[in-house]
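Inside the fold
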Amino acid sequence: IYGIGYPIGHTAVIGLFSKIVGRRAQGTLQGWFASAGSLARILFPVMSGYIAQFDDITTVFKVLFGILALSNFFVLVSSPT
C-alpha cells in the first residue's frame, strides 16, 4: 500500500506546495521541502526506536502526536486569514 499510495500522495503535495510558493524561488523552496522530508524519513524512525527501547510504545505515540499538534499550530498561525 505504501508503494502505491506514497508516490501519488507525494506528487499531489509537491504540486500543492508549488502552487502555494507561487512566483518565489521555486528551486530553493522545493529543495528545502525535499530536504526536510528526507531528514524526517531518517530521524523519525531512529527517534521512535530509541523511545520505544527506553520507554514504551505509548510514549512514541505521545511524542508523535505532540509533533503533529505543534506542526498544525504553526500552519494555523502562519496561514493568512
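Below, the structure is looked at part by part. Here, residues in each chain are numbered from 1, in the same order as that chain's written sequence. Whole-chain, interface and lining totals are the exception, using all residues; otherwise, since this is a predicted model, local features are given only for residues with pLDDT of at least 70 and side-chain atom pairs are given and counted only at 80 or more. Excluded from the side-chain calculation are hydrogens and water; included are all heavy atoms of the structure.

1. Some words on the packing of aromatic side chains
The following threshold applies: Each Phe, Tyr or Trp ring (for Trp, its six-membered ring) is paired with any other whose centre lies within 6.5 Å, and the angle between the two planes then decides the class: stacked below 30 degrees, edge-to-face above 60, tilted in between. Helix and strand assignments come from DSSP, with helices taken as H or I runs of at least 4 residues and strands as E runs of at least 2, each series counted from the N terminus. In this scheme, a residue with accessible area under 20% of its type's maximum is buried, one over 50% is exposed, and one in between is partly exposed, where area comes from a 1.4 Å probe on protein chains only.
For the structure shown, the criterion picks out three aromatic pairs. A centroid spacing of 6.3 Å and a plane angle of 0° characterise the contact between Y50 and F54, whose relative ring orientation is stacked. Taken together, the residues span about one helical turn, with Y50 and F54 both in helix α2 (residues 26-54) at a distance of four residues. Seen in terms of ring centroids, F73 and F74 are 5.9 Å apart; in terms of plane orientation they differ by 55°. Their pairing is tilted. F73 sits in the partly exposed class, given a relative accessible area of 48%.

2. Comments concerning the side chain of S48
What counts is decided by this rule: The contact definition used throughout considers only heavy atoms, calling two residues in contact when any of these lie within 4.5 Å.
Residue placement: S48 occurs in helix α2. With residues up to four places along the chain from it excluded, the contact list for S48 reads V60 and L64.

3. Brief notes about the environment of T59
Note the cut-off: In protein, a polar contact means a hydrogen-donor-capable atom and an acceptor-capable atom, both N or O and within 3.5 Å, with residues adjacent in sequence counting only if both atoms are side-chain atoms; elsewhere, any N or O pair within 3.5 Å suffices.
Among the structural elements, T59 can be located in helix α3 (residues 57-78). Among the polar contacts listed, one links the side chain of T59 to the side chain of D55, at a separation of 2.8 Å.

4. A word on a nonpolar patch on the surface
We count it as follows: The patches reported here contain residues having more than 30% relative accessible area and no salt bridge. Joining distances are 9 Å for like charges and 5 Å for nonpolar side chains (Val, Leu, Ile, Met, Phe, Trp, Tyr). In this description, accessible areas are obtained by the Shrake-Rupley approach with a 1.4 Å probe, and a residue is regarded as covered only by the protein chains that are shown. By salt bridge we mean one thing: a side-chain nitrogen of Lys or Arg within 4 Å of a carboxyl oxygen of Asp or Glu.
A grouping of L70, F73, F74 and V77 is seen on the molecular surface, where their side chains present a nonpolar patch of about 430 Å² in accessible area. Structurally, the position occupied by F73 is in helix α3.

5. Some points on the packing of helix α1 (residues 2-21) against α2
This is how the line gets drawn: Lines fitted to C-alpha atoms define the axes here, with helix axes fitted over just the stretch in contact, and angles between the N-to-C directions of these axes take values from 0 to 180 degrees. Handedness of a crossing follows from how the near helix is turned relative to the far one, being left-handed for an anticlockwise turn of less than a right angle and right-handed for a clockwise one. The residue classification treats Ala, Val, Leu, Ile, Met, Phe, Trp, Tyr, Cys and Pro as nonpolar and Asp, Glu, Lys and Arg as charged. All others, Gly included, are polar.
Packing of α1 against α2 brings their axes to within 11 Å, and their N-to-C directions diverge by 145°. The hand of the α1/α2 crossing is right-handed. Seen from α1, the contacting residues are Y2, Y6, V13, I14, F17, S18 and V21; seen from α2, they are Q26, L29, Q30, F33 and R41. Among the residues making up the contact of α1 with α2, the classes are represented as eight nonpolar, three polar and one charged.

6. Considering the layout of surface pockets
We count it as follows: In this analysis the probe radius is 1.4 Å and the grid spacing 1 Å, with only protein atoms considered; a cavity is a set of points the probe fits into but cannot get out of, a pocket is an open set with protein on both sides within 12 Å along at least five of seven lines, and lining residues have an atom within 4 Å of a point. Grid points are joined across faces, edges and corners, and a volume is the space filled by probe spheres set on the points.
The computed volume of the largest pocket comes to approximately 290 Å³. Listed by contribution, the elements that provide at least two residues to the lining of the largest pocket are α1 and α2. In terms of residue count, the dominant contributor to the lining of the largest pocket is α2 (seven residues). Broken down by class, the residue content of the lining of the largest pocket amounts to seven nonpolar, four polar and one charged.

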